[in-house]
Structures are given as structure tokens and as C-alpha cells.
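Here is how the chains run, residue by residue.
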Amino acid sequence: MTIGVVVFPGSNCDHDCQYIFKDVLGQHVEMIWHKDTLSEGLDAIVLPGGFSYGDYLRTGAIARFSPVMDAVKEFANKGGPVIGICNGFQILLEAGLLPGVMLRNTSLNFICKDVYVKVENASTRFTNRCESGQVLKISIAHADGNYYTDPVTLAGIKANAQVIFRYCTAEGKVTSEVNPNGSLDNIAGIMNAEGNVLGLMPHPERSAESVLGNEDGRLIFLSMLESLKKPQLTGV
Amino acid sequence: MKAKIHVTLKQGILDPQGKAIEHALDSLGFKNTANMRVGKYMEVDVNETDRVKVDSQVKAMCEKLLANTVIEEYRYELQ
């Protein structure tokens, strides 16, 4: 498989993503500079974490106008899988590929720690290697991860099983005490209605190797690779 | 023509920065303050003298980039 990792000015998890897909999972990786266009034959695209354009104006607000984003949108609209991690998630929201926005964390702090997230929907192309309700331990590192959307959109994404990950206790209980950033409904990750675009605040690429003490994040990447082998597993 | 643009959070959207500043004002002894909201102020020169054209241009800028209308509202003056 060929995975494209987009590099924006200010991305800083791009090489982590490259490392996981190439060295840990044995895939071919292409790094795509934001001013370039996508090459033919990409199987999936990752928008990595970081601080694209210094988070100026709003997180992700300027990166969404990067030249490569038109091609990313086209790739997504044709059903190609796209994962946005942290800043990548924020860019997907600003680009309108996912619904909602990110607000500043309620604590106003930049939070960097391991958290637990519950897999709310295990029959997606990004979670098919997980059990429904499985608890994953993955790192977060952000100042703007407080997911917000209007009540109608929220009801829609819940009804449509597009909420994929929610912050929870180690036992899988979703409570306000373990909500790190004030995110609506403890939302940590959502998917589009078509099931091919995932955005999540936790960093699975930082939690995908035993030497780092945690491999749970690997399940998300393995799920996506699995679905690429079996096209019938697309969507919800 | 110069556009002076204000972008603020909509009513009802939680403003953690505003809350923190409100608490700081309280600590400073400004006990009669409430409902602090933080917004953004921007200025830009537009090389165009037709007010109607500038107005529609600035509106488009706000809608497309300067504000995220899911959570923010904007207003502007042209000079």
C-alpha cells in the first residue's frame, strides 16, 4: 500500500506517521509537500499533527487553503480513505470534510498525556480490528481539542454512528471527569457520513510501538490497511 | 479603502479565555465585572474605491476565512 503523508509548514508529526507506516507497518510512504499535488496511486492520505501555519487565525484555518487540499478533497470525495490526526483533524473540520469545529480546551492548557478512548463503532474501515466498546490508551497533545457542533449536527452524527472515539475511564466509562478538554459528549474522534474520512485528536502514531510502552494506536492503522485489502469493508 | 473587522464568538459558545480573564479581573479587585468575551480585531486595506464592491469582498473574506460561522460572528466598518 502507498500512504501519502501531507506536510504543511508547521506539521511536526509527519515523520512520526511516516515512521509508523514505513518502518513499523512495512508500507510505502510518500511525503507530500502542501504546495504539490497528489501523485497517482495513493491508497490513503494522512494529515498529520502539528501547528500548521502557527495555528494563526484558528487551528487549521489557513492550511485548508493549501494548494494540496483541493486534491485531498477530491480524493476524499471519490471515497479514498483520509485520516486527520490532531491538527489534521482540525484542518478536516475547517475544510468542511468533517462537521463541527474545535474550541480552546476549557482548562486553557495545552494537555499532553495518555488518555483512554472508547471505540464506539467497530465496524468502520478505521476500527475493524477493534472490538466494539474496546478501550484504547492513546496520547493526546493539544490546546484546541474541545469539539463543538450545533445540536442538530450532533444528533445527526450520533444517530449515524459517526462518533468513533469518546474519552473514557480505563474501564470504558464515559464520564465528564475524564473529559480532558471539554469536548462535546466526550468526543475524541468522528467520521464522515460516507465512512472514509476520520478525524481524531489522540495520536495513534505515538502509541503504536511496544518500545514506547503502548501499541493500541496501531489498531487504527491496521484496520485501515485491512480495509484497503478488502474493499467490501468500506463505510459504516 | 480600509476594512476594520471584528470577529467574536456567538452568544452561548463557551469562551474559556474570556472566563479566565474575567477571573483575573475579579482577583484584581474589579468585582463588578461579568460576561467577559474575547474576540479578534483585524484591519485590511482593499485596493478598490467602490464601496459596494469592497463590502461584498469583505463579506466573502469573513465567510470564507476570517470567521468560522459555526461558532463566530463578524461585523466590519469600511473607511
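Our subject is the structure that appears above.
From a predicted model like this one, the values you see are computed outputs, not experimental measurements.

A. Highlighting the overall build of chain B. Per the secondary structure count, chain B includes two helices and three strands. Counted from the first residue to the last, chain B has its helices and strands arranged as β-α-β-α-β. A compact globule built from 79 residues should have a C-alpha radius of gyration of about 12 Å, whereas chain B, at 16 Å, is more than 25% larger. With respect to the three principal axes, the spread of C-alpha positions in chain B is 50 × 25 × 15 Å. Evaluated residue by residue, chain B yields a buried proportion of 13% over its 79 residues. Within chain B, counting contacts between residues at least 6 apart in sequence, those at least 24 apart form 67% of the total.

B. Region of the structure containing the pairing of strand β1 (residues 2-7) of chain A. Residues and elements named next belong to chain A. When you tally the buried positions in β1, you get five out of six residues, the bulk of the element. Strand direction decides the pairing type here: β1 and strand β2 (residues 28-33), joined by six bridges, are parallel. Across the sheet, the residue bridging to Val 7 is Trp 33, located in β2. A crossover connection joins β1 to the parallel β2 through helix α1 (residues 14-24); in handedness this β-α-β unit is right-handed.

C. Local environment of the nonpolar core. In terms of nonpolar packing, the biggest core is built from 70 residues, with Val 6, Val 46, Leu 92 and Val 117 of chain A touching the most fellow members. With residues up to four places along the chain from it excluded, the contact list for Val 6 of chain A reads Ile 32, His 34, Ile 45, Leu 47, Val 68 and Val 72 of chain A.

Thresholds applied
- Within each chain, residue numbers correspond to sequence positions counted from 1 in written order.
- Both sets of labels track the order of writing: A upward for chains, 1 upward for ligands.
- Totals for whole chains, interfaces and linings use every residue, but because this is a predicted model, local features are given only for residues with pLDDT of at least 70 and side-chain atom pairs only at 80 or more, for both listing and counting.
- A run of DSSP states H or I qualifies as a helix once it reaches four residues; a run of E qualifies as a strand once it reaches two. Both are numbered from the N-terminal end.
- For this measure, only C-alpha atoms enter the radius of gyration; the expected value for a globule follows 2.2 Å times N^0.38, where N is the number of residues.
- To sort residues by burial, count the other C-beta atoms lying within 10 Å of each one's C-beta; a count of 20 or more means buried, 12 or fewer means exposed, and anything in between means partly exposed. C-beta atoms are built from the backbone.
- Two residues form a contact once the distance between their C-beta atoms, set from the backbone, is within 7 Å.
- Pairing between two strands is assigned when DSSP locates at least 2 bridges connecting them.
- Looking down the strands as they point away from you, a crossover is right-handed if its path from the first strand over the helix to the second goes clockwise.
- In these notes, a nonpolar core means any group of buried Ala, Val, Leu, Ile, Met, Phe, Trp, Tyr and Cys residues linked to one another through C-beta atoms within 7 Å.

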